[in-house]
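Fold and contact review
Single-letter residue listing:
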Amino acid sequence: MIKTKIFNKNWLIEFINGDDSRLGLPEKDIVYAGLCVGSIRRIYIANDMIPDKIKETLIHELTHAYMRETLQDFDIKKSEEFICDFISLFGEEIINKADKILTQREWLFGGVIWAI
Ligand SMILES: [Zn+2]
């Protein structure tokens, strides 16, 4: 488990097995590669993917987390300009954070580590 701050709020990132029930909605026959759960400020990422896919999924879920902590109500499909602005403001920070988390994941053995 890795702790990180997103707009001064504590978030936990957990790398878990792809068949972990926290990544699935069995009743809907859906299994996710990653999941952002805003109500408990957690991100789950499936461990058993190629590194590029893990990074892609982590960036995707971190982007959800940044959106949850910044804007609550918007219609994403009508907001191309908003998405472009969002990425211009936060894209570099999100990707830098993903890189730090993945570096720390390499030497993580069950403890809790802060990724600034
Ligand atoms: Zn998503």
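See above for the structure.
This text gives an overview of the structure that appears in the document. The shown structure was predicted, so the numbers you read here are calculated from the model rather than taken from an experiment. (Residues numbered from 1 in each chain as written. Predicted model: local features only at pLDDT ≥ 70, side-chain atom pairs only at ≥ 80, totals over all residues.)

As for unusual backbone geometry
Positive phi outside glycine occurs at Asn8, with the angle close to 65°. Locating Asn8 in the fold gives a position in the loop between β1 (2–6) and β2 (9–16). Owing to 6 C-beta atoms within 10 Å, Asn8 belongs among the exposed residues under this scheme. In the Ramachandran plot, Arg41 falls in the positive-phi region, its phi being about 50° despite a non-glycine side chain. Tracing the chain through its elements places Arg41 in the loop between β5 (34–37) and β6 (42–46). Using a count of 16 C-beta atoms within 10 Å as the deciding quantity, one classes Arg41 as partly exposed. (Helix = DSSP H or I, 4+ residues; strand = E, 2+ residues; numbered from the N terminus. Buried ≥ 20, exposed ≤ 12 C-beta atoms within 10 Å, placed from the backbone.)

Thoughts on the nonpolar core
Ile13, Ile43, Ile45, Leu58, Leu62 and Ala65 are the most contacted members of the largest nonpolar core, which totals 18 residues. When contributions to this core are tallied by element, the ones reaching two or more residues are β2, β5, β6, α1 (51–70) and α2 (80–106). A per-element tally of this core places α1 first, with 5 residues. Non-local contacts of Ile43, meaning those with residues more than four positions away in its chain, are made with Trp11, Ile13, Gly34, Cys36, Glu61, Leu62 and Ala65. (Core = buried A, V, L, I, M, F, W, Y, C linked by C-beta atoms within 7 Å. Contact = placed C-beta atoms within 7 Å.)

Here we look at the packing of α1 against α2
At a closest axis distance of 9 Å, the pairing of α1 and α2 adopts a crossing angle of 130°. The pairing of α1 with α2 is recorded here as oblique in orientation. Where α1 crosses over α2, the two elements pack in a sense that is right-handed. Within the contact between the two elements, α1 uses Lys55, Leu58, Ile59, Leu62, Thr63 and Tyr66 and α2 uses Phe90, Ile94, Ile95, Lys97, Ala98, Ile101 and Leu102. A breakdown of the residues in the contact of α1 with α2 according to their chemical character gives 10 nonpolar, 1 polar and 2 charged. (Axes fitted to C-alpha atoms, helices over the stretch in contact; angles between N-to-C directions. Parallel < 35°, antiparallel > 145°, perpendicular 65-115°, else oblique. Left-handed = near helix turned anticlockwise from the far one by under 90°. Nonpolar A, V, L, I, M, F, W, Y, C, P; charged D, E, K, R; others polar.)

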